[in-house]
Amino acid sequence: MTGPAGGNGGQGLLAAAGVLLPDEQGRILVVRLTYDHKHPIAIPGGGWEPSDESPRQTAVREITEELGVVPELGRLACVDWSLGTARPPIAAYLYWCAPLPGSRLSALRPQATEVGGWAWLTRPQISSALPPRLSRRVTACLTAPRDAGPLELEDSRPVGHTVAHVPPVPPPPYTRAAGLELAGGGGTASRRPPLGREEYLASLPRIRAKARMLFTDAAGRVLLVRLRPLEDRPYWTLPGGSVEADREMPRAAARREIREELGWDREPGRLLGLDWSAGPGGPAAMVYVFDGGEVTADLLGRIRLQPQELVEWGMFTPAQAREVLSEHALSRLQACLAVREAGSGGGPAELICGRSV
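The written sequence of each chain sets the order in which its residues are numbered from 1. Whole-chain, interface and lining totals are the exception, using all residues; otherwise, since this is a predicted model, local features are given only for residues with pLDDT of at least 70 and side-chain atom pairs are given and counted only at 80 or more. Excluding hydrogens and water, the side-chain figures rest on all heavy atoms present in the structure.

Caption draft 1: View of the overall build of the protein. Looking only at helices and strands, the protein features nine helices and 18 strands. Along the three orthogonal principal directions, the C-alpha set of the protein runs to about 65 × 40 × 35 Å. Only protein chains enter the area calculation, which uses a 1.4 Å probe; residues under 20% of their type maximum are buried, those over 50% are exposed, and those in between are partly exposed. Counting all 357 residues of the protein, 52% fall into the buried class. Contacts spanning at least 24 positions in sequence make up 70% of the contacts within the protein whose residues lie at least 6 apart. Working note: accessible area of the protein is about 16200 Å², and carbon and sulfur atoms make up 53% of it. In DSSP terms, a helix is any run of H or I states spanning at least four residues, a strand is any run of E spanning at least two, and both are numbered starting from the N terminus. Every residue pair with non-hydrogen atoms within 4.5 Å of one another is taken to be in contact. Each accessible area is a Shrake-Rupley estimate made with a 1.4 Å probe; only the visible protein chains count as cover when residues are assessed.

Have a look at this one:
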């Protein structure tokens, strides 16, 4: 278990949210950014702000500001964790949106300082117009069945259950804005950002991230660990800990944390839950909960706790877990157990403070 999420001078993880906004023909809305010469075409959306209670609220706020319409968000399409050598790591949420009927198209009022034009693109068009990483992310969402979501992506490539739903395909040529007929403009990007790149990145708010694993025995009891208390009260949780955000993905973090905390080499299974919380007095946090599967009595007997972090472990029935877990942690556990029991092969539960959206 490590300290606060990560590198980049301890600045942690960026978060962003965007929308897949279709028209009545199923085409997807893209915008031309006024400030990006290198990658001018993008999906509407933007960065999380501390005033946003969740990425859902980020998506609604950003689309309302950028386009002048209030989106009707549907289910979470994907979550994509990407690393980068020239920028901090980013966790990007992408939401489906209800189709925008023709009667509402006239209501579009793009923010002139951000949006220099827009267009409705088919799937082949959008795959070529978007920059490669974003193209992979959006194409995965447009390829996979809706009931397979939310998709789990790392650097916009499928992992976990998503691999079965997104076949590998060669990337299309990257055409940027070439050949696009853009409403509301269509020229080249011209406005310079108000801050230099390094100054701008340093100004962005960060969040924390954790990766945990859910283990049960043959009787359905859940493995919980008790942290070495910083205060005079016990604190029980699922095993796992902080993601070293600038150097590893959540799955790698879960694998490392279980090895450090319990002495086990276990591969994370299906992503069961993705939980967002933002409370007063502390940074927002996102928690990945992976399925660790069923463990035997022999494996439990080989637990070697990390003494600097953990005091004890135990197996708890759902009723017993209710007695030791916080309300938030209990709600998260119940949601993840329900996803596992459903066994549909679909994506994780989207949670806010442990409760399903």
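On we go from here.
Caption draft 2: How the structure looks around the nonpolar core. Of all hydrophobic cores here, the largest spans 55 residues; its most connected members are W81, Y93, W264 and M286. Nine residue types can take part in a nonpolar core, namely buried Ala, Val, Leu, Ile, Met, Phe, Trp, Tyr and Cys, and a core is a set of them joined through side-chain atoms within 4.5 Å. Formed by 25 residues, the second largest nonpolar core is a distinct cluster that contains L94, V138, C141 and L153.

Caption draft 3: Region of the structure containing the sheet that holds strand 1 (residues 14-20). The six strands are arranged 4-1-6-5-8-9 in an open sheet whose pairing can be described as mixed. Strand pairing shows two members of the sheet lacking a second neighbour, strand 4 (45-47) and strand 9 (157-158), which therefore form its edges. The pairing criterion is simple: DSSP has to find at least two bridges between the two strands. For strand 1 and strand 6 (residues 90-97), the ladder comprises seven bridges, and the chain directions are parallel. Looking across to strand 6, one finds that L14 is bridged to I90.

Caption draft 4: Spatial organisation of the sheet that holds strand 7 (residues 115-121). As summarised here, the arrangement of the three strands in space is 3-2-7, forming an open sheet in which the pairing is antiparallel. Taken across any chain shown, the strands that pair with only one partner, and hence form the sheet edges, are strand 3 (41-42) and strand 7. Sheet topology note: the strand 2 (residues 28-33)/strand 7 ladder contains six bridges and is antiparallel. Pairing of V30 across the sheet is with A119, part of strand 7.

Caption draft 5: Main features of the pairing of strand 11 (residues 222-227). The element strand 11 is extensively covered by neighbouring structure, given that six of its six residues are classed as buried. Residues V222, L224 and R226 of strand 11 are buried on one face, and the alternating residues L223, V225 and L227, pointing to the opposite face, are buried as well. Where strand 11 lies against strand 16 (residues 310-316), six bridges are found, and the strand directions are antiparallel. Following the sheet pairing, L224 is matched in strand 16 by G314. Across three bridges, strand 11 lies against strand 12 (residues 235-237) in antiparallel orientation. Bridge pairing in strand 12 places L227 opposite Y235.

Caption draft 6: Looking closely at the pattern of salt bridges. The working definition used for a salt bridge is a side-chain nitrogen of Lys or Arg within 4 Å of a carboxyl oxygen of Asp or Glu. For the structure shown, the criterion picks out 21 salt bridges. We note a salt bridge from R61 to E62, for which the minimum N-O separation is 3.1 Å. Of the charged contacts, one joins R137 and D80 as a salt bridge, the two residues approaching to 2.8 Å between their closest N and O atoms. Of the two residues, R137 sits in helix 4 (residues 132-143) while D80 sits in strand 5 (residues 73-82), which places them 57 residues apart along the sequence. Taken individually, R137 and D80 each receive the classification buried, so the pair is uniform in this respect.

Caption draft 7: Fine view of the pairing of strand 14 (residues 271-277). Where burial is concerned, most of strand 14 is hidden: seven out of the seven residues are buried. Summarising the sheet, strand 14 and strand 15 (residues 285-294) pair through six bridges and their orientation is antiparallel. Counterpart to L271 in the pairing with strand 15 is F290. With four bridges connecting them, strand 14 and strand 17 (residues 349-352) associate as parallel partners. The residue bridging W276 from the neighbouring strand is I352, located in strand 17.

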